[in-house]
Amino acid sequence: MSAAAAGARAAPPTALATRIADGLVLAALLCATWLKLAFAVLADLPLDDLLMLAAIGWIVGERASRRDGRVARQAVALGGLALVVLAVYLAGFQAVSSDLGVSQFSKSLSTWGLHMAFAVVCAAHLAARGPALYARALRWFLAGFLVNAAYAAVQLVLEYAGTNPDKLWIAPLFGGAPTGGATLIGAVTEVSALGQTSSTSVLRATGLTVDPNHLGVMLAMPIAIGAALLLGGRSAAVLRARP
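A short tour of the structure in this document, coming up. Because the structure is predicted, anything quoted here is derived from the model rather than measured.

## Quick look at helix α5 (residues 99-129)
Line of reasoning, step 1. Between its first and last C-alpha atoms α5 spans 45 Å; for 31 residues at 1.5 Å apiece the expected length is 45 Å, and the two agree.
Line of reasoning, step 2. Among the residues of α5, F105, L114, M116, F118, V121, C122, A123, A124, H125 and L126 are the ones counted as buried.
Line of reasoning, step 3. Where α5 is buried, its residues touch α2 (15-30), α3 (47-66), α4 (73-91) and α6 (131-160).
Line of reasoning, step 4. G130, located one to two residues past α5, shows a positive phi value of around 100°.

## A few points about the side chain of D22
Line of reasoning, step 1. Turning to its location among the elements, D22 is positioned in helix α2.
Line of reasoning, step 2. Look at D22 and you get buried, because its relative accessible area is 6%.
Line of reasoning, step 3. With residues up to four places along the chain from it excluded, the contact list for D22 reads H125, R129 and L133.

## Points about the environment of T18
Line of reasoning, step 1. Considering the arrangement of structural elements, one finds T18 in helix α2.
Line of reasoning, step 2. Judged by its relative accessible area of 16%, T18 falls in the buried class.
Line of reasoning, step 3. Sequence-distant contacts of T18, that is, excluding residues within four places in its chain, are made with P13 and R129.

Conventions and cut-offs
Residues numbered from 1 in each chain as written. Predicted model: local features only at pLDDT ≥ 70, side-chain atom pairs only at ≥ 80, totals over all residues. Heavy atoms only, no water. Helix = DSSP H or I, 4+ residues; strand = E, 2+ residues; numbered from the N terminus. Expected span 1.5 Å × (residues − 1). Buried < 20%, exposed > 50% of the residue type's maximum accessible area, 1.4 Å probe, protein only. Contact = heavy atoms within 4.5 Å.

So, in structure tokens, the structure goes:
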């Protein structure tokens, strides 16, 4: 029996099940870059990973209970891309020659696998729910970046004043959160009139990530998405749609 036929025979989801699935997807997208928020369980489980696991489990389980075998083409495309990337990733395992390398390889592979699984499930759910939820999801996703950037700005101001906001605000709520705050791995080099050089360490914000380089790479995404929308990308009309 084809997926289309399976979907045609499947019972429609209940309103409550749909609201729960929507909420888990939106929450996971909002917190996708908040890696610093981690619980002191299972090797400091991040909040975003927990929400992604919950979203995957709920959506897959709810669809299975209704015997809904429909898979959107967007999800199929993402799944195919994931398999290609996985093949390339596994091909590099032969270059890993130490126990630490194997540990890091396994950790990164499991994290990547979870995020790709969420991307596939999320694409299938958004495709089934239509443009209105897609617009909300994109707004929530971008809002997560804005919160991260705002926290990074506040973090720098407070760190220069001698206060670590990670220890002040995050640690009491998330026992597994790293509380190193901003880092001093940045430096500014000055050259005097006599040709002498001097370097001064500067703070680099980590925001709600665990590394300033991670924060910089992540913040490139909303810039790229915003540029695509301003240039009239296909999602622009959807983003302007009202739920």
